[in-house]
Amino acid sequence: MKIKHLPHCLALSAGLFSGQQALAGDLLHWQDNSLSYLYGENFQRMNFNGEEQRTQTTFTFEHASGWAWGDVFYFLDYIRADNVQSRGSFDNGTFRQHDKNSFYYMEFSPRISLSWLTGQKLAAGPIKDVYAAFTYEKGEGGPGPENYLYGVGLDWEVPGFNYFKTNLYQVKINNHTFFKDADSNGYATQLTVSAAYPFSLGQQDFLVDGFLDWRSPSSDAGTQTSVGSSIQVKWDAGKALFGKERQLYVGTEINMWRAKYGVKPVDGSGDRFDQTALQALVKYHF
C-alpha cells in the first residue's frame, strides 16, 4: 500500500494546536471545546493509613476535533481535594513521599486514519475506520504519571450511538513511584473503550458518555491490573431552558476504579485502592 500522506501527517501532528486556524477549511471537519465543573465525594485517599475517603473538586477543559487525517482528543483537569494525595520521587537516590491536595492531570490523544494515510478505504462490516492511535499522559501531585501510549484504534458503527471507539495500546510507563523504593519504568497493555449514547424522555434530551480503561500489570513498573471508568449522565439544560441544543449540560459523573492507578502497597498485603465516587456536573460547550 502506498503511504502517500505520511509527510503531511507528521507535519500536522507536530503543529496541531499552534496551526489550527491555518489548517481549517477542508482539513478541519468539526471541533468542540468544553469547560466542566465537578464536585463529589468518596474519592480514595492514596495511602493505607485507614483515613476516610474525601471530597474533590475538578475543573476540566476538553477539546475534540475531527480532521481529514484523523481526530484529536485532549483534556486538562485541575483538581482540588481534601484527601491529600501521596506520591514518591527520588532525590539523589533517596526516596521521598510528597503529599498534595491540588494537582493537574492531562491527556493528549491524536489518532491518524489509516484509510487517509494509505488512500484505501479500510472499512468492513461494523468497522468504520482503522487508526494509528497515540496518547500522552502527564500528571502532577496525586496521579503523577508520565506515560506514552501507542497502538491501533477502531471506530465502530453501533446503532443509536453518536460514536463508539476502541483503542488497544502498548503503554510505556515512566516513574510510577507510588510507595516504592526504586525508580519504576516498564510496559503494559491497555484497552480503552469510549462511547456516547443520546436519548430522550418526553421533550427532554439526555446524553450518556464516557470511557473505560483496562490496563494489564507491569512487573517492571510494580503495578497490578487496574480498571478505571468515568461515565457521565447529562440533561440538555440549554435546550430546555434557553432553546440552545447541546451547549449547556447538567448531570452527574460516576468515577470508578478497581486498583486505582495500578498501585500496590509496600507491605505486600495485596490490598488495592478501589473507588466509586459520584459527582455533580455542569458542562458548557463552545
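- Named according to an unreviewed UniProt entry, the protein is Nucleoside-specific outer membrane channel protein Tsx originating from Ectopseudomonas alcaliphila.
- In its Sequence similarities (unreviewed entry) section, the UniProt entry covering the protein states "Belongs to the nucleoside-specific channel-forming outer membrane porin (Tsx) (TC 1.B.10) family."

Digging into a nonpolar patch on the surface
Part 1 of the argument: A cluster of nonpolar side chains, namely Tyr 37, Tyr 39, Phe 59, Tyr 78, Val 250 and Val 282, defines an oily patch on the protein surface of about 520 Å² accessible area.
Part 2 of the argument: Within the fold, Val 282 resides in strand β12 (residues 275-285).

Some details on the confidence of the model for the protein
Part 1 of the argument: Across the protein, the average pLDDT comes to 84, with 74% of residues at 70 or higher.
Part 2 of the argument: Ranking the helices and strands of the protein by mean pLDDT puts strand β9 (residues 204-215) first, with 98, and helix α1 (residues 6-14) last, with 46.
Part 3 of the argument: Counting interchain partners and residues more than four positions distant, the pLDDT-below-50 stretch residues 9-14 has 7 contacts.
Part 4 of the argument: Scored below 50 in pLDDT, residues 89-93 makes 12 contacts in the model with residues more than four places away or belonging to other chains.

Thoughts on the packing of aromatic side chains
Part 1 of the argument: For the structure shown, the criterion picks out 11 aromatic pairs.
Part 2 of the argument: When the centroid spacing of 6.4 Å and the interplanar angle of 20° are considered together, the rings of Tyr 284 and Phe 286 count as stacked.
Part 3 of the argument: Phe 286 gets classed as partly exposed once you look at its relative accessible area, which sits at 49%.
Part 4 of the argument: Linked through ring pairs, Phe 73, Phe 75 and Tyr 105 together constitute an aromatic cluster.
Part 5 of the argument: For the cation-ring pair, Lys 234 lies above Tyr 249, with the distance from its terminal atom to the ring centre recorded as 5.4 Å.

Notes on the nonpolar core
Part 1 of the argument: Core analysis: the biggest nonpolar cluster contains 11 residues, these being Leu 28, Trp 67, Trp 69, Val 72, Tyr 74, Met 106, Phe 108, Ile 112, Trp 116, Leu 117 and Ala 132.
Part 2 of the argument: Among the elements of the structure, β3 (70-91), β4 (94-113) and α2 (114-118) are those that each provide at least two residues to this core.
Part 3 of the argument: If you tally residues by element for this core, the top one is β4, at 3 residues.
Part 4 of the argument: Counting residues in hydrophobic clusters, the runner-up holds 7 residues, among them Tyr 169, Val 171, Ile 173 and Ala 188.

Focus: the pattern of salt bridges
Any two side chains of opposite charge can pair, so long as their charged atoms come close to each other.
Part 1 of the argument: The full count for this structure, using the stated rule, is 9 salt bridges.
Part 2 of the argument: The residue Asp 71 makes a salt bridge to Lys 165 at a minimum N-O spacing of 3.6 Å. One end of the pair, Asp 71, is in strand β3; the other, Lys 165, is in strand β7 (residues 163-173), with 94 residues separating them in the sequence. Per residue, the accessibility class of Asp 71 equals that of Lys 165, and both read buried.
Part 3 of the argument: Among the ionic contacts, a cluster of salt bridges with common partners joins Asp 71, Arg 111, Asp 155 and Lys 165.

Conventions used here
- Residues numbered from 1 in each chain as written.
- Predicted model: local features only at pLDDT ≥ 70, side-chain atom pairs only at ≥ 80, totals over all residues.
- Heavy atoms only, no water.
- UniProt positions renumbered as here; feature names shortened; annotations may be inferred.
- Patch = residues over 30% accessible without salt bridge, like charges linked within 9 Å, V, L, I, M, F, W, Y side chains within 5 Å.
- Areas by Shrake-Rupley, 256 points an atom, 1.4 Å probe, with all protein chains shown as cover.
- Salt bridge = Lys/Arg side-chain N within 4 Å of Asp/Glu carboxyl O.
- Helix = DSSP H or I, 4+ residues; strand = E, 2+ residues; numbered from the N terminus.
- pLDDT = per-residue confidence, 0-100.
- Contact = heavy atoms within 4.5 Å.
- Phe/Tyr/Trp six-rings, centres within 6.5 Å; stacked < 30°, edge-to-face > 60°.
- Buried < 20%, exposed > 50% of the residue type's maximum accessible area, 1.4 Å probe, protein only.
- Lys NZ or Arg CZ within 6 Å of the ring centre and 35° of its normal.
- Core = buried A, V, L, I, M, F, W, Y, C linked by side-chain atoms within 4.5 Å.

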